Amino acid sequence: MVGAHRFESLALSYNLTSMTNLSIAIHGGAGTILKKSMTPEKEAAYNVALQAALDSGYVALKRGATAIDAVEKSVSALEDSHLFNAGKGSVFTADGTHEMDASIMDGSNLNAGAVSLISGVKNPVQLSRLVMEKSDHVFLAGDGALKFAEQMKCEFKDSAYFYDEFRYNQWQEVKGTDQFQLDHSISKEHKFGTVGAVALDQFGNIAAATSTGGMTNKKFGRVGDSPMVGAGNYANNETCAVSCTGSGEFFIRAVVAYDVSCLMEYKGMSLKDACSKVVQDRLVKIGGDGGLIAVDAQGNICLEYNTEGMYRGQRNNQGINEVAIYK
Ligand code: ASP
């Protein structure tokens, strides 16, 4: 009897593990991304970089990593690519420097960490995780955040590492003016290159991470939505994990990531309906363009944007594995 019972519970636990949904989604920015303005080489490079970032998080999940580990891994991979406006590929500020913002949030306990206005740190998302786990605070900015990064022995890179000719030319177009521009666009105002990831792990926990260089020619210590808990990034096991990209000022005013969560929590909306309501209705009404990626605790993924395209990817253990750029 005892033996039979033991066999049964082993079988049950095996089934539960094998049935666990694993999901991950990433983005590399949204905007006026048109096939006609892309070369085949550039398109291939974006697809390769997106797939590599997606896979690094997914493989970690498969090996039993937490959602937090997975989103950190995927976002670090995107930060290491010069193609996206985060980490290595960060845009130039009005002073010709790079000021990066990043945040991370754990949906299992609502812990969060964020950094803003930091220069020289190779992987801002890793610093945001250290703020979450190794400091008593949620948000560190500027010189203080850099001091903390030194104490934590984060990897620093010199300005040559962050130099990219394309970004430099973007800056030259608006240097010395009061204009600031969103990333890599044809019509400058409408492209964003922030990166992010959301994931569900085998323990049923979800997490989100977002990282950005902000806007070309930004000044006055401008901070966008990406490092702000609830605006550009949010995660709560009860609802969803969200990472945003777009015109940050609008995303802050619409408290986008938290609004998606609230619609699910207080109105009982599905992930899909909540994302659509916020991105296609609320944001549009105040003139905000961009998009977001989201996952819920069941492993549903939503990739929602109100622009021409969004660099994006999604993968789960139910057979979905794709990267895409255009509508
Ligand atoms: N949301 C970012 C910001 O406003 C920009 C982006 O998504 O590219 O800083």
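Use the structure listed above.
From a predicted model like this one, the values you see are computed outputs, not experimental measurements.

Engineer: What exactly am I supposed to notice about the overall build of the chain here?
Structural biologist: Counting its regular elements, the chain contains 10 helices and 12 strands. Once local pairs closer than 6 in sequence are excluded, the contacts in the chain between residues at least 24 apart make up 68%. Within the structure as shown, the chain displays about 14,100 Å² of accessible surface, and the carbon and sulfur contribution to it stands at 53%.

Engineer: Would you mind going over the sheet that holds strand β9 (residues 290–296) with me for this structure?
Structural biologist: Strand pairing in a sheet takes place through backbone hydrogen bonds and is either antiparallel or parallel in direction. Here 4 strands make up an open sheet; going across it, the order is β7-β8-β9-β10 and the pairing antiparallel. Looking at strand neighbours, the two that pair on one side only are β7 (233–235) and β10 (301–305), the edges of this open sheet. Here the strands of the sheet are splayed against their neighbours by 10° on average, with no regard to which way each runs. Packing of helix α9 (residues 256–267) onto the sheet brings it into contact with β7, β8 (240–246) and β9, and relative to β8 it is tilted by some 145°.

Engineer: Would you explain the site of the ligand in this entry?
Structural biologist: Around the ligand sit 12 residues in total, of which Thr 194, Arg 222, Asp 225, Thr 245 and Gly 246 are the nearest. One nitrogen or oxygen atom from the main chain of Gly 193 is found 3.0 Å from an oxygen atom belonging to the ligand. Between the ligand and Gly 246 there is a distance of 2.7 Å, counted from a nitrogen atom to a backbone nitrogen or oxygen. Here the shell around the ligand is composed, by residue class, of 2 nonpolar, 8 polar and 2 charged.

Engineer: Would you explain the packing of aromatic side chains in this entry?
Structural biologist: Geometrically, a pair of aromatic rings is defined through the distance of the ring centres and the angle of the planes. Within the structure shown, the criterion is met by 6 aromatic pairs. With a centroid separation of 5.0 Å and 85° between ring planes, the pair formed by Tyr 161 and Phe 162 is classed as edge-to-face. You'll find Tyr 161 and Phe 162 in the same group, each marked buried. Put simply, the rings of Tyr 46, Phe 84 and Tyr 311 touch in pairs and so form one group of aromatic residues. Note that Lys 88 overlies the ring of Tyr 161, its terminal NZ or CZ placed 4.4 Å from the centroid.

Engineer: Just to check I follow, could you spell out the environment of Leu 271 for this structure?
Structural biologist: By the secondary structure assignment, Leu 271 is in helix α10 (residues 271–285). Taking C-alpha positions, Leu 271 is 7.7 Å from Val 260, a pair spaced 11 residues apart along the chain. Contact partners of Leu 271, with chain neighbours within four places excluded, come to Cys 240, Met 264, Ala 294, Val 295, Asp 296, Asn 300, Ile 301 and Cys 302.

Engineer: What should I look at first to understand the pairing of β9 in this one?
Structural biologist: Working note: regular strand, side chains alternate between the two faces of the sheet. A large share of β9 lies buried, amounting to 7 of its 7 residues. As paired elements, β8 and β9 share 7 bridges and run antiparallel to each other. When the sheet's bridge partners are listed, Cys 244 is paired in β9 with Leu 292. Direction of pairing for β9 relative to β10: antiparallel, over a ladder of 5 bridges. Bridged to Ala 294 within β10 is Cys 302. Linkage of β9 to β10, two consecutive antiparallel strands, is achieved through a turn of 4 residues, within which Gly 299 is found at a positive phi near 95°.

Rules behind the numbers
- Residues numbered from 1 in each chain as written.
- Predicted model: local features only at pLDDT ≥ 70, side-chain atom pairs only at ≥ 80, totals over all residues.
- Heavy atoms only, no water.
- Helix = DSSP H or I, 4+ residues; strand = E, 2+ residues; numbered from the N terminus.
- Contact = heavy atoms within 4.5 Å.
- Areas by Shrake-Rupley, 256 points an atom, 1.4 Å probe, with all protein chains shown as cover.
- Pairing = 2+ DSSP bridges.
- Axes fitted to C-alpha atoms, helices over the stretch in contact; angles between N-to-C directions.
- Near = heavy atom within 4 Å.
- Polar contact = N/O pair within 3.5 Å; in protein donor to acceptor, adjacent residues only side chain to side chain.
- Nonpolar A, V, L, I, M, F, W, Y, C, P; charged D, E, K, R; others polar.
- Phe/Tyr/Trp six-rings, centres within 6.5 Å; stacked < 30°, edge-to-face > 60°.
- Buried < 20%, exposed > 50% of the residue type's maximum accessible area, 1.4 Å probe, protein only.
- Lys NZ or Arg CZ within 6 Å of the ring centre and 35° of its normal.

Any functional reading would require information that these geometric values do not contain.
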